[in-house]
Amino acid sequence: MEYQYPIDYNWSTEEIVDVVKFFEAIESAYEKGIERDEVMKAYRRFKEIVPSKAEEKTICGEFEEISGYSSYRTIKKAKEASSGDKIIMK
């Protein structure tokens, strides 16, 4: 798909790369499936960059609007899964 990831230009280059990796993990869950531990690792790093729940909701909402992929539902499913499980979203 062709779209821009929601990013904050106050973030460092490393932080932008890590946020993009998080959104790519969400995309993978929808497109082919992803290991639970991999998506949780990306989410933990995302939360280091975006600790505010309100900001997380805004950024993830923007991502869902442009991509159709729900970060919230993906992370919820990953949290309920066991280590080693594959997360596949529909």
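Residues numbered from 1 in each chain as written. Predicted model: local features only at pLDDT ≥ 70, side-chain atom pairs only at ≥ 80, totals over all residues. Heavy atoms only, no water.

Novice: Can you help me understand the layout of surface pockets in this one?
Specialist: In this approach a probe as big as a water molecule rolls over the atoms, and the regions it shows empty are the leftover space. Taken as a whole, the largest pocket holds about 260 Å³ of empty space. In terms of lining, the largest pocket is formed by 13 residues, of which the most central are Lys53, Glu56, Cys60, Ser71 and Tyr72. Of all the secondary structure elements, the ones that give two or more residues to the lining of the largest pocket are α3 (53–67) and α4 (71–80). (1 Å grid on protein atoms, 1.4 Å probe; cavity = no way out; pocket = protein on both sides within 12 Å on 5 of 7 lines; lining within 4 Å. Points joined across faces, edges and corners; volume = space filled by probe spheres on them. Helix = DSSP H or I, 4+ residues; strand = E, 2+ residues; numbered from the N terminus.)

Novice: Whenever I open this one, the packing of aromatic side chains confuses me. Can you help?
Specialist: How two aromatic rings sit relative to each other is set out by the distance from centre to centre and by the angle between their planes. Applying the stated criterion across every chain yields a total of 11 aromatic pairs. The interplanar angle of 70° and the centroid separation of 6.2 Å between the aromatic rings of tyrosine 3 and phenylalanine 63 together place this pair among those described as edge-to-face. Remark: phenylalanine 63 occurs in helix α3 and tyrosine 3 occurs in the segment before α1 (13–31); sequence separation between them is 60 residues. Taken individually, tyrosine 3 and phenylalanine 63 each receive the classification buried, so the pair is uniform in this respect. On the basis of an interplanar angle of 20° and a centroid distance of 4.4 Å, the ring pair of phenylalanine 22 and phenylalanine 46 is categorised as stacked. Here phenylalanine 46 lies in helix α2 (residues 36–49) and phenylalanine 22 lies in helix α1, a separation of 24 residues in the sequence. The two residues phenylalanine 22 and phenylalanine 46 agree in class, both being buried. Through a chain of ring-to-ring contacts, the aromatic side chains of Tyr3, Tyr5, Phe22, Phe23, Tyr43, Phe46 and Phe63 assemble into a single cluster. (Phe/Tyr/Trp six-rings, centres within 6.5 Å; stacked < 30°, edge-to-face > 60°. Buried < 20%, exposed > 50% of the residue type's maximum accessible area, 1.4 Å probe, protein only.)

Everything listed is a geometric property; what it means functionally is a separate question.
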